[in-house]
Amino acid sequence: MENGKKKKILIALIVIVILIAGVIFWKRKNQQKTASTPAQTINLSASSEISSLDISKIDDRNSFNQVDNVDEGLFRYDKNGVPHKALATKVKISKDQTVYTIDIRHDAKWSNGDPVTAEDFVYSWQRAVDPKTASPYTYLFSDIKNADEINQGKKAVSQLGVKASGKYQLKIQLNKPQSYFKMVLARETLYPLDKKVVKKYGKAYGTSSKKTVYNGPFINTGWTGTNDSWKLKKNPYYWDKKVVKLQTINFQVIKQPSTAYNLYQTGKLDLMPVVGEQAKQLENNQDLVKRPLAATEYLQYNMSKVKALGNKNIRLGISLAINRSQLVKTILKNGSTPADGLVPAGMSKNPKTGEDFAKEAAVKNTANYDPKLAKQLFAKGLKEEGLKNLQVTLLAANDDTTKQIAEYLQSVLSKNLPQLKLSVSTIPFTVMISDVDNKKYDLNLISWSADFADPITFLQLFTSNSSENSSGWSNAEYDQAINDSNNKDANNQQARWNDLVKAAKVLASDQGITTLYKSNSEDLVKPHLKGVVFNGINGHYSYRTAYVK
């Protein structure tokens, strides 16, 4: 009997030891698993506030960056700006290249569970071209039948050349063949909208996280419409959620590069742009990533408000008084280069000769540094206007880099043009954009990055009827060249190219705007952050395939 008891006790002890060993093994295994599987959360900065999440109303790069990660259209761009199918599954183009029939995914949903349908595209596009919406990007629809007439109030939105030919099929009618139309279809303004939700919130749609619905890899949370921090969370309804590794992206607005660098060094930022003295100091940093960008910084003049700025000689005088080489070398220091014209170098080449557009369109004595000629032209312009001097204010965003550029311009222009009294006003970017749209400025420092890889994305901004042209500058020869490129020469590659070069030369010669430099981007990126896609054409970042290694 005793031996039986001893045997039972021994068995019990063995079982307990096995259980304890099992628990220890389970804990160690899970600890190892946790150690080898990092939290899929990253911390990022934004240089300015979100202006809106309404795809029909945004026109700034930061807001587009946000929308790119929470919404999706028929196509998406790769790092070279080439469009690839996203919600589109099949594209059929008619023989005359004017009718696009596009089948869309059956499994795409909005973040509220609603299906994404062809009608969502029809509604979104009709809303964008409706003049009541006042979308700044209506020019993207110009190739679609009746779009311009609708935007001018001459036709009803129902006459736009887009129809749902089935729940998941879209039919688009163009005015004429257009070689870059697929590039246009990848732009955010042509993404779909959930009509039910937009109607629910009306004008408040897109003004906060809670008043927006999403169909992309992430959803925006925590943005109230005015705050400087928010999160992107993985969207459980996204059709391709299996490729999305990140669970959370924490964003905060940081306008001082030194603050961003301190956070990066302490592991509180995983990616940050570098510029100016910082870029020079970090040029050999192993985390540095160079990102060439098709973007141009320029000055625009409000000729409607300040009559003297409508004088060509005054504008040319201002342009020739600016030392662009000194600006990029002493202020930016990140590989940015002086701009001879609006269309940046390296984006487009002559289909026949291979010559770069920027080189072919350059006009002598419009963007070079010539302080002597600048004084002569400026004085001539003042005399023509009956003025002894000109007093204007330069409006700019209030991030550190833009402030430094504005202060440099103030310094160099004051030195080379004593008759120009230039003051500087720096305000939050979103406020600046609103003031510019409402023509409440004299001079404005702003940039434009390509919508897609074609010169028209820059040049169409300054036609007389462009919603982006807030300067009052108008030139019939320029308008005609752009019109020819979009219409009679649209299907003749070389003739269209010649039209665009002509327009660029008119803009430079008349100095409708004063171009400063071609932007270049440099980032510090933590080695553990992989899979980020940077579009070198429009400067947008996609985190759809990003992950922490």
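Residues numbered from 1 in each chain as written. Predicted model: local features only at pLDDT ≥ 70, side-chain atom pairs only at ≥ 80, totals over all residues. Heavy atoms only, no water.

Comments concerning the pattern of salt bridges
It is possible for side chains bearing opposite charge to pair when their charged atoms get close. In total, this model carries 19 salt bridges according to the counting rule given. With a shortest N-O distance of 2.9 Å, K255 and E49 are connected by a salt bridge. Of this pair, K255 sits in the loop between β10 (248-253) and α7 (257-265) while E49 is found in the loop between β1 (41-46) and α2 (61-70), placing the two residues 206 residues apart along the sequence. Exposure remark for K255: the relative accessible area of 17% places this residue in the buried category. For E188, the salt bridge is made with R187, and the minimal N-O distance between the two is 2.9 Å. The two residues E188 and R187 agree in class, both being buried. When salt bridges that share partners are traced, they join R187, E188 and D451 into one network. (Salt bridge = Lys/Arg side-chain N within 4 Å of Asp/Glu carboxyl O. Helix = DSSP H or I, 4+ residues; strand = E, 2+ residues; numbered from the N terminus. Buried < 20%, exposed > 50% of the residue type's maximum accessible area, 1.4 Å probe, protein only.)

Things to note about the packing of helix α16 (residues 476-486) against helix α17 (residues 493-510)
Two quantities define a packed helix pair, namely the angle between the axes and the distance from one axis to the other. It is at 8 Å that the axes of α16 and α17 come closest, and there the two elements cross at 160 degrees. Here α16 is positioned roughly antiparallel relative to α17, judged by the angle of their axes. The handedness of the crossing between α16 and α17 is left-handed. The segment α16 lies against α17, with E477, Y478, A481, I482, D484 and S485 engaging R496, D499, L500, K502, A503, V506 and L507. Class assignment of the residues belonging to the contact of α16 with α17 gives a composition of seven nonpolar, one polar and five charged. (Axes fitted to C-alpha atoms, helices over the stretch in contact; angles between N-to-C directions. Parallel < 35°, antiparallel > 145°, perpendicular 65-115°, else oblique. Left-handed = near helix turned anticlockwise from the far one by under 90°. Contact = heavy atoms within 4.5 Å. Nonpolar A, V, L, I, M, F, W, Y, C, P; charged D, E, K, R; others polar.)

Notes on unusual backbone geometry
Trans peptide bonds make up the majority, and among non-glycine residues the majority have a negative phi. For K333, which is not glycine, the phi torsion reads 55 degrees and is therefore positive. Looking at the element boundaries, K333 is found in the loop between α10 (324-332) and β13 (337-338). Residue K333 is classed as partly exposed on the basis of its relative accessible area, which comes to 23%. Not every positive phi belongs to a glycine, and K439 is a case in point at roughly 60 degrees. Residue K439 is classed as partly exposed on the basis of its relative accessible area, which comes to 38%.

A closer look at the sheet that holds strand β7 (residues 169-173)
Strand-to-strand pairing in sheets goes through backbone hydrogen bonds, with the strands running parallel or antiparallel. Reading across from one edge, β4-β5-β7-β6 is the order of the four strands in this open sheet, with antiparallel pairing throughout. Looking along the sheet, the strands with just one partner apiece sit at the ends: β4 (88-93) and β6 (162-166). Shown here is a sheet whose adjacent strand axes are inclined to one another by a mean of 25 degrees, direction ignored. In terms of strand pairing, β6 meets β7 through four bridges, oriented antiparallel. Paired with G166 across the two strands is Q169, which belongs to β7. (Pairing = 2+ DSSP bridges.)

Considering helix α3 (residues 118-129)
Along its twelve residues, α3 runs 17 Å from first to last C-alpha, staying within 8% of the 16 Å computed at 1.5 Å per residue. Judged by how many residues are buried, α3 sits mostly within the fold: eleven of twelve residues are covered. For α3, the full list of buried residues reads A118, D120, F121, V122, Y123, S124, W125, Q126, R127, A128 and V129. Here the buried face of α3 lies against β5 (99-104), α4 (147-151), β6, β7, α5 (181-185) and α6 (195-201). (Expected span 1.5 Å × (residues − 1).)

Side note on the nonpolar core
By size, the foremost hydrophobic cluster in this structure holds 151 residues, and its most contacted members are L74, W125, I172, I318, L390 and Y543. Grouped together as the second largest cluster of nonpolar side chains are eleven residues, A260, Y264, M272 and L282 included. (Core = buried A, V, L, I, M, F, W, Y, C linked by side-chain atoms within 4.5 Å.)

Examining the pairing of β4
Pairing analysis gives five bridges linking β4 to β5, with the strands arranged antiparallel. Looking at the pairing, A88 lines up with I104 of β5. From the end of β4 to the start of β5, which pair antiparallel, there are five residues, and Q97 there has a positive phi angle of about 60 degrees.

Quick word on the side chain of N350
One can find N350 in the loop between β13 and α11 (357-361). N350 gets classed as buried once you look at its relative accessible area, which sits at 6%. Looking at N350, its side chain comes within polar contact range of the side chain of E360, at 3.1 Å. Every residue in contact with N350, bar those within four places of it in the chain, is listed here: E355, E360, Q494 and W497. (Polar contact = N/O pair within 3.5 Å; in protein donor to acceptor, adjacent residues only side chain to side chain.)

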